[in-house]
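These are the residues of each chain, in order.
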Amino acid sequence: TRTPVNVTVTGAAGQIGYALLFRIASGHLLGADVPVKLRLLEIPQGLKAAEGTAMELDDCAFPLLKGIDITDDPNVGFAGANVALLVGARPRTKGMERGDLLSANGGIFKPQGKAINDNAADDIKVLVVGNPANTNALIAQAAAPDVPAERFTAMTRLDHNRAISQLAAKTGAAVSDIKRLTIWGNHSATQYPDIFHAEIAGKNAAETVNDEAWLADTFIPTVAKRGAAIIEARGASSAASAANAAIDHVHTWVNGTAEGDWTSMGIPSDGSYGVPEGLISSFPVTTKDGRYEIVQGLDINEFSRARIDASVKELAEERDAVRGLGLI
Ligand code: NDP
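Residues numbered from 1 in each chain as written. Predicted model: local features only at pLDDT ≥ 70, side-chain atom pairs only at ≥ 80, totals over all residues. Heavy atoms only, no water.

**Quick look at the site of the ligand**
(1) Moving on: Near the ligand lie 23 residues; those nearest to it are Gln15, Ile16, Glu42, Leu158 and Ser238.
(2) Moving on: One nitrogen or oxygen atom from the main chain of glutamine 15 is found 2.8 Å from an oxygen atom belonging to the ligand.
(3) Moving on: When the ligand is considered free in solution it has 910 Å² of accessible area, and contact with the protein chains removes 77% of it.
(4) Moving on: The cavity that encloses the ligand is the largest pocket.
(5) Moving on: Of all elements in the fold, only helix H1 (15–25), helix H4 (98–119) and helix H6 (157–171) reach the threshold of two or more residues within the shell around the ligand.
(6) Moving on: By residue class, the composition of the shell around the ligand is 11 nonpolar, 10 polar and 2 charged. (Near = heavy atom within 4 Å. Polar contact = N/O pair within 3.5 Å; in protein donor to acceptor, adjacent residues only side chain to side chain. Areas by Shrake-Rupley, 256 points an atom, 1.4 Å probe, with all protein chains shown as cover. 1 Å grid on protein atoms, 1.4 Å probe; cavity = no way out; pocket = protein on both sides within 12 Å on 5 of 7 lines; lining within 4 Å. Sits in = over half its atoms within 2 Å of the grid points. Helix = DSSP H or I, 4+ residues; strand = E, 2+ residues; numbered from the N terminus. Nonpolar A, V, L, I, M, F, W, Y, C, P; charged D, E, K, R; others polar.)

Here you go:
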């Protein structure tokens, strides 16, 4: 029998946490034959709700779920963690300046990074979901000097999945026929969903669509503003699809991309495609045996270059702001 994998989820009592935990426990995160132990990390006000969720997890009698711990202490929450999903974050509230948002999140992600550094398992893999995800991941990574930087990642998989869905709807293709789509840059309004290297049933997606105005004026803004459209329609945020994307991100990281395809992950840049080294930016990546590699050698046209550069500029500004605040 396999040793259970320790999976820590922060903000476990929130909306995304509620949509995420049951799927982790049922085997969707790592595989249908991988037992898991859950650690739910919450702030003190969230502990009681987390206990309620744990009661429901118990009531599912999941065969793979080998234990649940609940804590508000990051050192306990990340002890022996193999996978950490950092979901809890400080939301932007009315009138809040970017600096306030970044420092509030620095107060969360810096201690969590240190606790990961000091307590997590050697093979720790971190996914940051809580926004601003790329910069929160950078803060946590900078506070964990003993953990290889590449283990800190930020989620752009929801954007990736949204882009596939929009492209499928536009072309009448099946989502499973769409490959090699890329999200570049920041998980924010400046993100760039790139279909110039994507394929639809083996044919180039941009050539198939052949409509640059649709790309610029419909596709890109629809993908980037999808979260707001869902809040408008549901009256609540896109928690289930965000949780699903977190599952996809980790599952792909651990289990690999399909031959001939790639995915999008926010990862520390190695300088590829002109993205300054160290920025946590989304790239096209292939994964294998629990490791990822940036897809190299893609030809970046002018349309793409301008949009990648704009998103990367925003990431550099966020990095400079958190540096100015002493958070990295
Ligand atoms: P959610 O579970 O809905 O969201 C959590 C975070 O995920 C937010 O930062 C949110 O960003 C982000 N997010 C990323 N992608 C999406 C998406 N597609 N749709 C919606 N959100 C997305 O928030 P709740 O308020 O329900 O729950 C947060 C929980 O975290 C609370 O229980 C709170 O107590 C806890 N918390 C725990 C901390 C800790 O463990 N130390 C620290 C802070 C909070 P955005 O704000 O942009 O919507």
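Picking up after the structure, the text goes on.
**Considering the UniProt feature "active site" (unreviewed entry) in the protein chain**
(1) Moving on: Residues annotated in UniProt with the feature "active site" (unreviewed entry) correspond here to His187.
(2) Moving on: By secondary structure assignment, the location of histidine 187 is in the loop between strand S8 (182–184) and strand S9 (192–194).
(3) Moving on: Here histidine 187 is in contact with Asn131, Asn134, Met155, Thr156 and Asp159, once residues within four sequence places are set aside. (UniProt positions renumbered as here; feature names shortened; annotations may be inferred. Contact = heavy atoms within 4.5 Å.)

**With respect to the pairing of strand S5 (residues 125–128)**
(1) Moving on: Along S5, one buried face is formed by Lys125 and Leu127 and the opposite face, lined by Val126 and Val128, is buried too.
(2) Moving on: When strand S4 (residues 83–86) meets S5, the two strands line up parallel, connected through 4 bridges. Among the inter-strand pairings, leucine 86 is bridged to a residue of S5, identified as valine 128.
(3) Moving on: Note: S5 against strand S6 (residues 152–154), 3 bridges, orientation parallel. (Buried < 20%, exposed > 50% of the residue type's maximum accessible area, 1.4 Å probe, protein only. Pairing = 2+ DSSP bridges.)

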